Each structure stands twice: as C-alpha cells, then as structure tokens.
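The primary structure of each chain is shown beneath.
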Amino acid sequence: MQLISCGVSGEVPQSQAKTWTQLDLDPFWVETIQVLNPNSQPRPVQIEALQKHRILESRRHLVIAAPTNSGKSLLGLLVLLESVRLHRRVVLIEPLRALAQEKTDEL
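These remarks concern the structure in this document. (Residues numbered from 1 in each chain as written. Predicted model: local features only at pLDDT ≥ 70, side-chain atom pairs only at ≥ 80, totals over all residues. Heavy atoms only, no water.)

### Describing the nonpolar core
The nonpolar side chains of a soluble globular protein tend to be buried, and buried together. The condition that has to hold: As used here, the term nonpolar core means buried Ala, Val, Leu, Ile, Met, Phe, Trp, Tyr and Cys residues forming a set that is joined through side-chain atoms within 4.5 Å. Burial status follows relative accessibility: with a 1.4 Å probe on protein chains alone, a residue under 20% of its type maximum counts as buried, one over 50% as exposed, and anything between as partly exposed. Secondary structure elements are defined from DSSP: runs of H or I of at least 4 residues count as helices, runs of E of at least 2 residues count as strands, and each element is numbered from the N terminus. Residue contacts follow a heavy-atom distance rule, with two residues in contact if any of their heavy atoms lie within 4.5 Å.
By size, the foremost hydrophobic cluster in this structure holds 17 residues, and its most contacted members are Trp20, Leu25, Leu50, Ile55, Leu56 and Leu78. Listing elements by their share of this core, those giving two or more residues are helix H1 (27-36), helix H2 (44-52), helix H3 (55-58) and helix H4 (72-85). With residues near it in sequence (within four places) discarded, Leu50 still touches Trp20, Leu23, Leu25, Ile55, Leu56, Leu75 and Leu78.

Here it is, written out as structure tokens:
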C-alpha cells in the first residue's frame with residue numbers, strides 16, 4: 001500500500017487553483033461531481049488521488065486517510081459509484097455510525 005501525504009489536521013491546505021476539468025477526468029465524472037458537490041474546487045487530497053493516482057481507473061483496493069474536511073467522502077462516493085457502474089461489489093466503511101447512516105441515507 002502506498003502512503004499519500006496530504007497534510008495534517010489544523011493545517012490550511014495550499015491553494016491548488018485547479019478546477020475539476022483540469023484534472024483530466026472523464027466528462028461523466030466532472031458532471032457527477034458538480035451534482036454531488038456543486039460550485040466546489042478540488043482539494044489537495046482529491047487532486048492527488050484523482051489526477052496523480054487515477055483512482056477511478058485503477059480498479060484496486062483503496063484506503064483514504066486524510067484530515068477532517070479534506071475531501072475523503074467525495075472520493076469514497078466516486079469510487080463507490082464507479083464500482084456500481086461496472087457491476088462490481090463495493091464496500092464503503094465509515095469510522096462512525098452516524099457517518100455510515102448519513103451515507104446510507106444519501107445513497
């Protein structure tokens with residue numbers, strides 16, 4: 001498993017000044033992100049995961065560990081939706097029951 005360092009809690013992330021379209025994502029995913037998280041810009045962990053590591057194309061197991069409010073939930077939903085699109089099994093594990101219930105309700 002590879003460690004992707006994207007900061008620690010309490011740090012202010014450096015401005016990446018990127019848009020979702022600049023990440024070279026399939027237009028389907030850009031549109032999906034706009035529906036799930038309108039008027040947002042990618043955060044450092046999302047840029048690292050989607051652009052550098054191409055997590056939507058890798059078809060590998062994934063564990064995302066990053067500070068609170070860094071964009072993990074959106075990445076988890078995107079990987080989950082990609083697996084569903086491919087008719088594959090997927091498990092999304094959340095650290096708290098309240099978060100798990102929130103994701104269940106959203107989906």
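Past the structure itself, the notes keep going.
### Points about the side chain of Ser83
Along the chain, Ser83 turns up in helix H4. Its relative accessible area of 16% is what places Ser83 among the buried residues. Setting aside its immediate chain neighbours within four residues, Ser83 contacts Arg88, Arg89 and Val90.

### As for the packing of aromatic side chains
Cut-off, in case you're wondering: Between the rings of Phe, Tyr and Trp (Trp by its six-membered ring), a pair exists once the centres lie within 6.5 Å; its type follows the angle of the planes, with under 30 degrees stacked, over 60 edge-to-face, and the other angles tilted. By the criterion adopted, a ring carries a charge over it if an Arg CZ or a Lys NZ lies within 6 Å of its centre and within 35 degrees of its normal.
Applying the stated criterion to the full structure yields one aromatic pair. An angle of 80 degrees between the planes, with centres 4.9 Å apart, marks the rings of Phe28 and Trp29 as edge-to-face. Look at Trp29 and you get buried, because its relative accessible area is 5%. Here the basic side chain of Arg85 rests over the ring of Phe28, its NZ or CZ set 4.1 Å away from the ring centre.

So yeah, pure geometry; function would need other evidence.
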